[in-house]
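# Coordinates in review
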Amino acid sequence: MTIFLTEATDITRIRLSSQINSNQRSQFGQFLTPAPIACFIAQQFNHLSGHIKVLDPGAGIGTLTAAFVERLLSNTNNIESCFITAYEVEDQFLCPLRKCLENCCFALGKNGIKADYYLYNKSFLEANLEINLPLFTESHRQFTHIIANPPYKKINNQSVEKKLLTKLGIETVNLYSAFIWLAILQLSENGEIAAITPRSFCNGAYFRSFRQALLQEIKFNKIHVFESRKQIFYDDHVLQENIIFHGIKTKKYIEFIEINSQIGNKLYEEVGIRYIPYNQVFDTNNSDSFIHIVTNSLEDFLKIQMEKLPCTLEDLGLEISTGPVVDFRLKSELRSSLNQQNVPLIYPESIKLGKVSFPPVKPRKSIAIVNNNETSKWLTQSGWYVLIKRFSSKEEKRRVVAAVCTPINAPVFGIENHLNYYHAKGKGMNANLARGLAAFLNSSLFDRYFRQFSGHTQVNATDLRRIRYPCKDALIKLGCKVGDLILNQDKLDTLIHENLPIMNEAVNAIQASKRIEEALAILKEIAAPKEQQNERSALCLLALADIKPQTPWNQATAPRRRITEMMNWFQQYYGKQYAPNTRETVRRQTMHQFIQMGLVVENPDQPDRPINSPKWCYQLHQQALLLLQAYSSQQWEEARRNYTLSVANLLQNKSRNLPHILVTLPDGRSIQLSSGGQNNLIKDILESFCPRFTPGGIILYVGDAGDKFIINELQKLQELGIELNRRGKMPDLVVHYTRQDWLVLIEAVTSHGPVNLKRRNELKQLFQSSNKGLVFVTAFPSRKEMTRYLAEISWETEVWIADQPDHMIHFNGERFLGPYEDIETCS
């Protein structure tokens, strides 16, 4: 019997997350891993056999360890033993963590695997110092597997952690990199690590030592990138950009690394997969050891072209530095107005539309600094400079935000520490060189390239120092064209492409990104559901209109396309490669909704085509085509109104004709449910839950949002000895699971809520004449929806989640998916 250990920990995680305040999170830097993420991380391991020793260095409540053990239980043939080592410093987590570890060992033992655990209630860093063994000796490498979600917290120079790490000979700036560094030093030969961390270690001087140690100790095998910042710790509202990586302790040469990118909003349903030469991701010949994570083929061309640019900063006669004025250290010298004794002080708030606007209209900071003997060494000569914000907003469209700083009416001025600035050996530069350089830095092309290795919102001077630039004459020529014009992004990008030698493929990468953004804007303006305002749906819209990166919207057409054709089209023209098993996601999570919106029609050439036909195809509705052809033109608003009206009429006509949802039953029969209400979830239950958890079961009853019932096998119910009270409210589905002789009673939460204690008692009363075991199940469309009802769900019932169909969550009790009448007194 399979035991779903992670689901039990996830209930605890949701409860604890609601109790832990933001100050506690800040203190420990720990965000508990959601079960789907933990299971995905555990799936990264390749070699699971023999005697396993697994380390979880920041265990929390044990979700990662539980997921690892579940992975072992899925194939126990070659596993002899499993010893678990877990570290956790937070007392609040210890009780559920110990319970989780006990359950893991019990489950392993029950499957014939010798198991034990050791739980350290102390910091992983502190424990390593106490071991008193040289970390770099082979005798200290004891773990065959490491699974980790390390704490995320900056290390203060005066902190206890800093002192501990210094004693261990480790220099790094964040707890997550310290944890990973120490962990991999304890990995045995051919051992594996799978971890989720921020992406910020991929570049910058601060993480150079960590990158070098990491690349020396392990070879990366896979990296998984999340395109949305909100996908991972969704319950905790964390916007940190994260990756999941898998590495192996080996000296063997690895030719290719697998890069996966999360394309849609559904966790792991839509994954773009690429295999890239190892040395293109990890440049071991470069002293900075930067890590380039390129997620599609178009951006490969961009990287190649950018690295062919001819000049370094030294070739241009330029340098880049961080603003010298640290305001809190010179607080007594700052002023809110200008006079004869002080000079201008530039903060990031002065950067507007590619220029320095001084003084700001409504300054939030000081605008001046006293010019005296104390401050003179921190001030800069007046002249032409290029300033760059060191920190951009997490959701700002551009990571790199540059501005031209013209000579200020003062001999010197201050540049605050939250800015970087380009200069000519400490002095100003040629005016047109400054204009051209700022334009290049503000281009979409440069921003896309910079994001390939910059995994956080800080723009480091070190990163900008190592990048290659166009030649000086080309930048000056560009600066002459730009002049003092204020250009929008499109006009600036066009000017860059016309005046700098950029390959067409590089331009394509930028144009592709722009077309996807435009398709998303269209979906938003026609009020598409939020679940369809994503890259997957944007790509589908582009494919159905045959809009390639260089195709203007007024040339949109309406070819008929099958799902596989569309996915191949994504890859060919947009460099987005979807895994083959995501075809069903494209169909169910985009095309189905496009049809409901009146945007797309199915099988216009053969409306009665069988549902299982390989020729099943889609085409833009004629009114939708006219809409797209008008995008970005003066006729757009009129076309949008006409489209809205036509769709309203279309949907009204469909409503008169009672639209239906086609559902295939487990026995192969087809039925139709009326659209709306809970019926989309009921369709999921019939097509996904029943084949998995009640295989061979007989569907006795299906309620319908439009009719009282769609299946009502009264005779079969009577044959089973069930006499129903006609006044009783039936569950949404009743399944006779003949293999166990159980009646499975399923409620779709979108109809009447979950199976709470009251509803459980009602159902027991309704089916009291049955001698079959009763199983109570609540179905939810998503885990997020489940969290709204956690407090209501009755003990000794089951929960199933449609967007994670392979798992069930059991609330209490000692059995999984079974009746509980005989253990009522124990609950």
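About the thresholds
Residues numbered from 1 in each chain as written. Predicted model: local features only at pLDDT ≥ 70, side-chain atom pairs only at ≥ 80, totals over all residues. Heavy atoms only, no water. UniProt positions renumbered as here; feature names shortened; annotations may be inferred. Phe/Tyr/Trp six-rings, centres within 6.5 Å; stacked < 30°, edge-to-face > 60°. Buried < 20%, exposed > 50% of the residue type's maximum accessible area, 1.4 Å probe, protein only. Lys NZ or Arg CZ within 6 Å of the ring centre and 35° of its normal. Salt bridge = Lys/Arg side-chain N within 4 Å of Asp/Glu carboxyl O. Helix = DSSP H or I, 4+ residues; strand = E, 2+ residues; numbered from the N terminus. Contact = heavy atoms within 4.5 Å. Pairing = 2+ DSSP bridges. Polar contact = N/O pair within 3.5 Å; in protein donor to acceptor, adjacent residues only side chain to side chain.

By the naming in an unreviewed UniProt entry, the protein chain goes by site-specific DNA-methyltransferase (adenine-specific) and is assigned to Lyngbya aestuarii BL J. We quote the UniProt Catalytic activity (unreviewed entry) comment for the protein chain here in full: "a 2'-deoxyadenosine in DNA + S-adenosyl-L-methionine = an N(6)-methyl-2'-deoxyadenosine in DNA + S-adenosyl-L-homocysteine + H(+)". In the Sequence similarities (unreviewed entry) part of its UniProt record, the protein chain is described as follows: "Belongs to the N(4)/N(6)-methyltransferase family."

## Things to note about the packing of aromatic side chains
Geometry of an aromatic ring pair is reported as the spacing of the ring centres plus the angle between the planes. Enumeration over the complete set of coordinates arrives at 27 aromatic pairs. Between Tyr 278 and Phe 282, the ring centres sit 4.6 Å apart and the planes meet at 40°, which makes this aromatic pair tilted. Look at Tyr 278 and you get buried, because its relative accessible area is 10%. The residue whose ring lies beneath Lys 548 is Tyr 573, and the NZ or CZ to ring-centre distance is 5.0 Å.

## Here we look at the pattern of salt bridges
Within the structure shown, the criterion is met by 22 salt bridges. Taking the shortest distance from any N to any O, the salt bridge between Arg 609 and Asp 605 comes out at 2.9 Å. With relative accessibility at 8%, the residue Arg 609 sits in the buried group. For Asp 605, a relative accessible area of 39% gives the class partly exposed. Here Lys 772 makes a salt bridge to Asp 741, at a shortest N to O gap of 3.1 Å. You can see Lys 772 sitting in the loop between helix H27 (757-766) and strand S29 (773-780) and its partner Asp 741 sitting in the loop between strand S27 (733-737) and strand S28 (742-748), a full 31 residues away along the chain. Residue Lys 772 is classed as buried on the basis of its relative accessible area, which comes to 15%. Among the charged side chains, a salt-bridge network with shared partners connects Glu 747, Lys 758, Arg 759 and Glu 762.

## Focus on the environment of Pro 695
Its location among the elements puts Pro 695 in the loop between helix H24 (679-693) and strand S25 (698-702). Separated by 42 residues in the primary sequence, Pro 695 and Tyr 737 have C-alpha atoms spaced 7.4 Å apart. Non-local contacts of Pro 695, meaning those with residues more than four positions away in its chain, are made with Cys 690, Tyr 737 and Arg 739.

## Structural notes on the pairing of strand S7 (residues 242-248)
In terms of residue burial, S7 counts as a mostly covered element, since seven of its seven residues are buried. Residues Asn 242, Ile 244, His 246 and Ile 248 point to one face of S7 and Ile 243, Phe 245 and Gly 247 to the other, with burial holding for every one of them. Across seven bridges, the pairing between strand S5 (residues 187-198) and S7 is antiparallel. Within S7, the position partnered with Ile 193 by the bridge is Gly 247. Here strand S6 (residues 219-226) runs beside S7; their pairing, made up of six bridges, is antiparallel. For Lys 222, the partnering residue across the bridge sits in S7 and is His 246.

## Focus on the side chain of Thr 797
Structurally, Thr 797 can be placed in the loop between helix H28 (783-787) and strand S30 (798-801). A relative accessible area of 0% means that Thr 797 is categorised as buried. Polar side-chain contacts of Thr 797 include one of 2.7 Å to the backbone oxygen of Ser 794. Contact partners of Thr 797, with chain neighbours within four places excluded, come to Val 755, Arg 760, Phe 776, Ile 809, His 810 and Phe 811.

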